[in-house]
Amino acid sequence: RSDRSVISIYSAHDVEANLYEITTLVMDYFKARDYDRAIHVYKELLKNRKGVQKHLLAGTLHNLAVVHVWKGEYDEALPYCREALRVRRELERSAHLDIATSLSEMGIIHYAREEFNRSL
């Protein structure tokens, strides 16, 4: 499917039923190292976030941060990672794996930016 059809699925709030298809499309972009297209899909998905379940929103934000990290765009990645962490903290108890994943990604970003005291 094209980016446009995936985005229309998401905007129709039928994400969970089509999550596999969306994930497969973006993973194909990763494999092809077409990170800009992956970023495009994730940003378009975020435009239509009203009414989207918070765990899907947090996952999309986190994945967008990861793509920017893969591109070496740490300044762009950090705000998405922070927002994913904020949403995940709203949803989960403090020891949840998704929170740990966001904190780990933030540590990677700070380390790459040579902010070693913040990366711990």
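Refer to the structure presented above.
Residues numbered from 1 in each chain as written. Predicted model: local features only at pLDDT ≥ 70, side-chain atom pairs only at ≥ 80, totals over all residues. Heavy atoms only, no water.

## A closer look at the packing of helix α4 (residues 54-70) against helix α5 (residues 74-91)
Next up, step 1: It is at 8 Å that the axes of α4 and α5 come closest, and there the two elements cross at 160 degrees. In terms of axis orientation, α4 runs roughly antiparallel to α5. Classified by chirality, the crossing of α5 by α4 is left-handed. For the pair α4 and α5, contact is made by Lys54, His55, Leu57, Ala58, Gly59, Leu61, His62, Leu64, Ala65, His68 and Val69 and by Tyr74, Glu76, Ala77, Tyr80, Cys81, Glu83, Ala84, Val87, Arg88, Glu90 and Leu91, respectively.
Next up, step 2: Of the residues belonging to the contact of α4 with α5, the class tally is 13 nonpolar, four polar and five charged. (Axes fitted to C-alpha atoms, helices over the stretch in contact; angles between N-to-C directions. Helix = DSSP H or I, 4+ residues; strand = E, 2+ residues; numbered from the N terminus. Parallel < 35°, antiparallel > 145°, perpendicular 65-115°, else oblique. Left-handed = near helix turned anticlockwise from the far one by under 90°. Contact = heavy atoms within 4.5 Å. Nonpolar A, V, L, I, M, F, W, Y, C, P; charged D, E, K, R; others polar.)

## With respect to the nonpolar core
Next up, step 1: Core analysis: the biggest nonpolar cluster contains 19 residues, and Val26, Val41, Tyr42, Leu61 and Val67 have the highest contact counts within it.
Next up, step 2: Looking at this core, the elements that each hand over two or more residues are α2 (15-31), α3 (35-47), α4 and α5.
Next up, step 3: With seven residues, the top contributor of residues to this core is α3.
Next up, step 4: Once residues lying within four places of it in the same chain are set aside, the contact partners of Val67 are Phe30, Tyr35, Ala38, Ile39 and Tyr42.
Next up, step 5: Counting nine residues, the second largest nonpolar core, distinct from the first, contains Val69, Leu78, Cys81 and Ile109. (Core = buried A, V, L, I, M, F, W, Y, C linked by side-chain atoms within 4.5 Å. Buried < 20%, exposed > 50% of the residue type's maximum accessible area, 1.4 Å probe, protein only.)

## Regarding the packing of aromatic side chains
Next up, step 1: For the structure shown, the criterion picks out four aromatic pairs.
Next up, step 2: On the basis of an interplanar angle of 70 degrees and a centroid distance of 5.9 Å, the ring pair of Phe30 and Tyr35 is categorised as edge-to-face. The two residues Phe30 and Tyr35 agree in class, both being buried.
Next up, step 3: The interplanar angle of 65 degrees and the centroid separation of 5.3 Å between the aromatic rings of Tyr111 and Phe116 together place this pair among those described as edge-to-face.
Next up, step 4: For Tyr111, a relative accessible area of 54% puts it in the exposed group.
Next up, step 5: Members of the aromatic cluster, connected to one another through ring pairs, are Phe30, Tyr35 and Trp70. (Phe/Tyr/Trp six-rings, centres within 6.5 Å; stacked < 30°, edge-to-face > 60°.)

## A closer look at helix α6 (residues 97-112)
Next up, step 1: Between its first and last C-alpha, α6 extends 23 Å over 16 residues, near the 22 Å set by a 1.5 Å rise per residue.
Next up, step 2: Listed as buried for α6 are Ile99, Ser102, Glu105, Met106, Gly107, Ile109 and His110.
Next up, step 3: The inward-facing, buried residues of α6 contact α4 and α5.
Next up, step 4: Where α6 terminates, the next one or two residues include Glu114, which has phi positive at roughly 60 degrees. (Expected span 1.5 Å × (residues − 1).)

## Some remarks on the environment of Glu83
Next up, step 1: With respect to the element layout, Glu83 can be found in helix α5.
Next up, step 2: Separated by 25 residues in the primary sequence, Glu83 and Ala58 have C-alpha atoms spaced 7.5 Å apart.

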